[in-house]
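# A look at the structure
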Amino acid sequence: MWLKPEEVLLKNALKLWVTERSNDYFVLQRRRGYGEGSISWGGGEGLLVGTLDTVLDSTAKVAPYRILHQTPDSQVYWTVACGASLEEISQHWDWLQINIMRTLSVFDSGDDITSFVQGKIRGLIAEEGKGAPDTQEQERFREAVLRFEHLFGLPRQEKLVTYYSCSYWRGRVPNQGWMYLSTHFLCFYSYLLGNEVKLALPWDEVSRLERASSVLLTESIRVCVRGEEHYFSMLLHLQQTYLLMQQLAAYAVTRLFDKETFDADHPLSDPPRITQRALEVHARNQAFRAFFRLPCEENLCEVYESFLWLPFSHHNTLGKICVSERYLCFASQDGSQCHLILPLREVVAVELVDPGSRALSVSVRGKRGFRFSEVRDFERLAATIRRKCVPSTSPQHSAVTQVSSVQTPLEEMMVGQKKAVSTEALMNVFHPHDTENLDPKMLKERMKEQLWQIHFAEYGRGSGMFCTKKTRDLVVRGIPETLRGELWMLFSGAVNDMAVHPGYYTSLLEECMGSSSLACDEIERDLHRSLPEHPAFQTDTGISALRRVLTAYAYRNPKIGYCQAMNILTSVLLLYAKEEEAFWLLVAVCERMLPDYFNRRIIGALVDQAVFEELIRDHLTQLTDHMSDLSFFSSVSLSWFLTLFISVLPIESAVNVVDCFFYDGIRAVLQLALAVLHHNVDSLLCCSDDAEAVTILNRFFDSVTNKDSPLPATVQQATGDRSAQPTVDITDLIREAYENFGNIQWEEVESMRKRNKLYVVQTLEETTKQNVLRVIAQDVKFSATQLEELYWLFKRQHFISCYWNQSSSTLLNHDPSLPYLDQYQLGHGQFCSLFSLLLPWGNTFCLADQNEDGLINFREFICALDVLYNGSFTEKLKFLFKLHLQPGRGKFDLQEYLKQWQDELQKKDDNIKHLPRINQTQFICLSKTLYSVFHGDEEEEHLYCAVARVTSLLLRMEEVGRKLQENSLEQSPAPTSHTPETCTPTESEDWSFSFEQILASLLNEPTVVRFFEQTVDADTLIEYARSAQLRDVRAGT
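One structure accompanies this document, and this report is about it. Predicted model, so just to flag it, every value in this text is computed and none were measured. (Residues numbered from 1 in each chain as written. Predicted model: local features only at pLDDT ≥ 70, side-chain atom pairs only at ≥ 80, totals over all residues. Heavy atoms only, no water.)

### Quick look at the sheet that holds strand E7 (residues 173-182)
Pairing is antiparallel in the open sheet, where seven strands are placed in the order E9-E8-E7-E6-E12-E11-E10. At either margin of the open sheet sits one strand with a lone partner, and together these are strand E9 (195-202) and strand E10 (206-212). Shown here is a sheet whose adjacent strand axes are inclined to one another by a mean of 30°, direction ignored. (Pairing = 2+ DSSP bridges. Helix = DSSP H or I, 4+ residues; strand = E, 2+ residues; numbered from the N terminus. Axes fitted to C-alpha atoms, helices over the stretch in contact; angles between N-to-C directions.)

Structure, rendered in structure tokens:
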């Protein structure tokens, strides 16, 4: 059957596959162990291959025949078909020879050939799938759901997303079975010859998830959970499975760990409604928005393969048309890297120009047209564009005018202390462009402007401009001062945000100015630290503009609010963009281009540091060989990424870096960071310590200049005496970065980001755990291993309450900014559920009021458990005694009680004489609790008798005390008229006991003392809790 083209790794794979037929573009292979009537490859090894593919279930087999697509100039192979027999696969091979081979000769590049083949195969799959009944598939899925629920005992709310046949490896032994992917768990089950393998790995505990290849495992997926590695292989669609697993893990991490960046309106916010289709659509929309820098509201609606006529090079280029709600985008698949974004509001006409070539023409404002041809369903595309485009009559949306004409004017608006919002870039105010200046640097600046004007004439200007290699070359040379703001807006996509939200910034300022918040206080503190050497920020004009932009953004996005480094970045944006433009540029950076950078834990920046380390290992092997630990480069480069090198480079050089960032995204920053290390590699290899390496890098940044910068000396930043060291021009450094590391692709960076985010988040969680355990270990008697296991149980219990409840109180109250002791908390229900699994006495807290408002942190939990596990007889009895002292007929606030208990444990001079007396109702509840505690013990009958004897003794003692008190009152003189009438104890109050009385009575019962002082097998109870935790949740549902 035809397969969706997937890239395959051929390293070590040739040992498992034999080539039967081949030509320049296709290879037909047979898996060893199949065909030819015998297995001759190494005897046992051939038998192993056949066994691995056939064990357990016929549906689990790896297809014995396959066809791969390749091009002569590429090492990449793509699976396009598979078959169970030679006859079946030969039919596919013959079809390719007859229908495809002749067509491929017309293409000039290998990328075009691959794109054509992939499109053709996808079309065949789509044709085969039309009208196919899915009843049988639905029935199979329902059966899989029942098996999943029966095997793993998870609550019914846990949604099975999909399942696959695969092998799970234990050492060198494969276990053939089924992988079940659900919203919160990766599960696997296998049963063969009495050997059962069952796994249920929570996604929120996965620290590594990646594809792997080895001699034995040609292709596999490696999953690392709490230090243990798990390998899954023999998946028919390995890449599809891997991407789905990656999505589920990322979803769990974002929802549970990084709540501040998770949108409540997220399409996957409701776990029970997640499906494989929803995950695929969400991933496709994310990739679409990220590539074209579109607003977050845009979703990919339709995709068409077509050719686009390029008027500047007079030829067609193959690519894909992507249509969303408000944009028509095109990205080529050849080496020119041409892409185009057309806002549908700019479209004025759509015409079908040549039905023979299936061509249509799209006309936009400014008398510009775009011709698409060889569109399979061109009539449908034309109808879609006509339906979606709503031409605006407002001149502000013209695609050919400069960005300055797009903005909603904010003149005459007064904000704060009657200061008008800036409608000019600060650089134009403090360093206006002098057209009469004949300085050599100004002449070079004019030459740059002329080159861009020529580019605009050939490729278009504003929305609808062709972006090609030539565009990138001009960006690398540095954007002219007068065009910088306009092109930043265009390349970042901020121009589209502002165009579809006219007046938004104005209304936002009206709402937020004058308000008070923690973010506002932090902004005020950092205002005068933002480029203080620049004249624009030495006056109220620049400071006020910076305050307004930062305050407006903090009000717009309270989840981020304000973070250090935002002030530095915004200062540079205000130099070259108007105030409203700077605001939308900041939105684009924080919410699209640098996701998760500017939150409390800067997870996004840490993820990119991990990506940077990975790129160092790939591209700077000499540094890797010299340094076993590359974390130094991550720590020293953190400020480079957070501020886009603005904090380490002079402003006149840093703006060139920002130019490249807005065009190429984080890829440009990674390339430049690699170039910096590459430029200093010899010096770094000679360093004896980290301090020396930091000095070398700082000295290098001081030597970076911009010889073509037209900025006057009063604006440029002084970096000390440069005469003693050679200088490096920023343009040359950026060009070197693109030449040496330009092969780093956007898709590669995004893949590494997803792969490393799991590791970064789990590393932060591990740090939190170590801090918690270090603080608590000195107060309890548990071993380090037991404490760690109890922490995992507590943390999992916290997440279990969040798994299937979108509005869980523990999830809503989880705040990563809290002290690490309060990171995870349990409500009353979760607390009692976990405690009942760990407590050897049964349900001690049966009298607890259902107070869902109380939250218990790990310290409070472990201190209480330590008393019951490791405390003395007196301490345990005191715990139970105080448990029943709470007012209100035996009901109590569990949170308040454990806080008081924790405080008392820290008092060294605690005295039992200070405890209040327990009344009649409370004592009855205490007696019932003791009966419950003793239930199931070997000496249960003797313990019951002992409690009965103690209760009887205490009651007799109380009765004797009452009679003595009554006799003393009768012998006393009668009260005088001015003395208040005294009631007898029987009339005024119930009988009560002190803790000393109860303790003394129980000490006379050896069976009771022996029960409370017996050693608790903590390890066994913890192991039981681990295995029963999820079953307990299912039982309660």
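### A word on helix H16 (residues 540-556)
An ideal rise of 1.5 Å per residue puts 24 Å on 17 residues; H16 measures up with 24 Å between its terminal C-alpha atoms. Most of H16 is tucked away, with twelve of its 17 residues classed as buried. The complete set of buried residues in H16 reads Gly 542, Ile 543, Ser 544, Ala 545, Leu 546, Arg 548, Val 549, Leu 550, Thr 551, Ala 552, Tyr 553 and Ala 554. (Expected span 1.5 Å × (residues − 1). Buried < 20%, exposed > 50% of the residue type's maximum accessible area, 1.4 Å probe, protein only.)

### Digging into the pattern of salt bridges
Inspection of the entire model under this criterion finds 38 salt bridges. In this structure, Arg 753 and Glu 750 form a salt bridge, with 3.3 Å as the shortest nitrogen-oxygen distance. With Arg 753 and Glu 750 both in helix H27 (residues 746-776) and three residues apart, this pair spans about one turn of that helix. The exposure class assigned to Arg 753 is buried, which follows from its relative accessible area of 11%. (Salt bridge = Lys/Arg side-chain N within 4 Å of Asp/Glu carboxyl O.)

### A short note on the sheet that holds strand E3 (residues 26-31)
Taken together, five strands build an open sheet; the order of strands is E1-E5-E4-E3-E2 and the sheet is antiparallel. Looking at the sheet topology across the chains shown, the edges are occupied by strand E1 (2-8) and strand E2 (17-22). In this sheet, adjacent strand axes meet at a mean angle of 30° when their direction is disregarded. As defined by bridge partners, E1 adjoins strand E5 (residues 77-83) across four bridges and the pair is classed as antiparallel. Bridging across to E5, Trp 2 finds its partner in Ala 81. Running over the sheet, helix H2 (residues 86-99) touches E1, E2, E3, strand E4 (65-69) and E5 and is turned about 20° from E4. (Contact = heavy atoms within 4.5 Å.)

### Here we look at the side chain of Lys 757
Following the sequence through the fold, Lys 757 ends up in helix H27. Only 3.2 Å separates the side chain of Lys 757 from the side chain of Asp 596, close enough to count as a polar contact. In this structure Lys 757 touches Thr 254, Asp 596, Ile 603 and Val 607, once residues within four positions along its chain are discounted. (Polar contact = N/O pair within 3.5 Å; in protein donor to acceptor, adjacent residues only side chain to side chain.)

### Overview of the packing of aromatic side chains
Throughout the structure, instances matching the rule amount to 49 aromatic pairs. For the ring pair Tyr 168 and Phe 188, a centre distance of 5.5 Å and an interplane angle of 45° mean the geometry is tilted. Pair noted here: Tyr 168 is in strand E6 (residues 160-170) and Phe 188 is in strand E8 (residues 185-192), with a separation of 20 residues, a long-range link. Grouping residues by exposure puts Tyr 168 and Phe 188 together as buried. With centroids separated by 5.3 Å and ring planes inclined at 40°, the aromatic side chains of Tyr 168 and Phe 232 adopt a geometry described as tilted. A residue pair is termed long-range when its members are at least 10 positions apart, and Tyr 168 in strand E6 and Phe 232 in strand E12 (residues 228-233) qualify at 64 residues. Here Phe 232 falls in the buried class, since its relative accessible area comes to 1%. Grouping aromatic residues by their ring pairs yields a cluster made of Phe 141, Phe 148, Phe 152, Tyr 163, Trp 178 and Tyr 180. In this arrangement the basic side chain of Arg 66 is found over the ring face of Trp 17, its NZ or CZ atom lying 4.0 Å from the centre. In this structure, Arg 208 is placed above the aromatic ring of Tyr 759, and the distance from its NZ or CZ to the ring centre is 4.1 Å. (Phe/Tyr/Trp six-rings, centres within 6.5 Å; stacked < 30°, edge-to-face > 60°. Lys NZ or Arg CZ within 6 Å of the ring centre and 35° of its normal.)

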